[in-house]
Amino acid sequence: MATVDTFFIQPFRTHRKRLVPGQRVLAKTKHHALRDGERLGRTAEGLAVIHVSADDETGEVSALDVLARHGLIPQEFEEQIRAL
């Protein structure tokens, strides 16, 4: 079984006085994810840079790490991350 590493940026925006997730932005490498997260974090209300390790064949997630946080992150999102 091969493991696939995926990096993405999850921005958050305010909608009806609540923070909701925006469209994810994929990154090629950890370096790109952190650099783009830093850049987007200057204008976004909140965002998280996330690393996911998953099995290539089954797609089962083996690890999920938040590499960086910028701005406001919804409490529900934090709870979901801790649960995995």
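Up top you'll find the structure we're talking about.
The following refers to the structure shown. (Residues numbered from 1 in each chain as written. Predicted model: local features only at pLDDT ≥ 70, side-chain atom pairs only at ≥ 80, totals over all residues. Heavy atoms only, no water.)

### Overview of the packing of aromatic side chains
In the structure shown here, the tally under the stated rule is one aromatic pair. Between Phe12 and Phe77, the aromatic rings sit 5.0 Å apart at their centres with planes inclined by 70 degrees, giving edge-to-face as the arrangement. With Phe12 in strand E1 (residues 3-15) and Phe77 in helix H2 (residues 75-83), this residue pair connects regions lying 65 residues apart in the sequence. In this structure Phe12 comes out as buried when scored by relative accessible area, which is 3%. On the basis of relative accessibility, which here comes to 15%, the residue Phe77 falls in the buried class. (Phe/Tyr/Trp six-rings, centres within 6.5 Å; stacked < 30°, edge-to-face > 60°. Helix = DSSP H or I, 4+ residues; strand = E, 2+ residues; numbered from the N terminus. Buried < 20%, exposed > 50% of the residue type's maximum accessible area, 1.4 Å probe, protein only.)

### Describing the pairing of strand E2 (residues 18-21)
When a strand is regular, its side chains alternate between the sheet's two faces. In terms of strand pairing, E1 meets E2 through four bridges, oriented antiparallel. By the bridge assignment for E2, Thr14 is matched with Leu19. The turn joining E1 and E2, which pair antiparallel and follow one another in sequence, is formed by two residues; a positive phi near 55 degrees is taken by Arg16. (Pairing = 2+ DSSP bridges.)

### Thoughts on helix H1 (residues 30-41)
At 3.6 residues per turn, the α-helix brings residues three or four places apart onto the same side. Helix length check: H1 (twelve residues) gives 16 Å between terminal C-alpha atoms against 16 Å at 1.5 Å per residue, within 8%. Buried residues of H1: Ala33, Asp36 and Gly37, and no others. One side of H1 holds all its buried residues, which, seen down the axis, span an arc of 105 degrees. Packing partners of the buried residues in H1 comprise E1, strand E3 (25-27), strand E4 (46-55) and strand E5 (61-71). (Expected span 1.5 Å × (residues − 1). Arc of directions from axis to C-beta. Contact = heavy atoms within 4.5 Å.)

### Re the nonpolar core
By size, the foremost hydrophobic cluster in this structure holds eight residues: Phe8, Phe12, Ala48, Ile50, Val52, Ile73, Phe77 and Ile81. Of all elements in the fold, only E1, E4 and H2 reach the threshold of two or more residues within this core. At three residues, E4 tops the list of elements feeding residues into this core. Ignoring anything within four residues of it in the chain, the contact list for Phe77 reads Phe12, Ala48 and Ile50. Residues Phe7, Ala27, Val49 and Ala68 belong to the second largest nonpolar core, which totals seven residues. (Core = buried A, V, L, I, M, F, W, Y, C linked by side-chain atoms within 4.5 Å.)

### Examining the environment of Arg35
Within the fold, Arg35 resides in helix H1. Linking Arg35 and Val49, residues 14 residues apart in sequence, is a C-alpha distance of 9.7 Å.

### Brief notes about unusual backbone geometry
For Arg16, which is not glycine, the phi dihedral falls at a positive 55 degrees. In this structure, Arg16 sits in the loop between E1 and E2. Judged by its relative accessible area of 75%, Arg16 falls in the exposed class. Of note in the backbone geometry, Lys17 takes a positive phi value of approximately 65 degrees without being a glycine.

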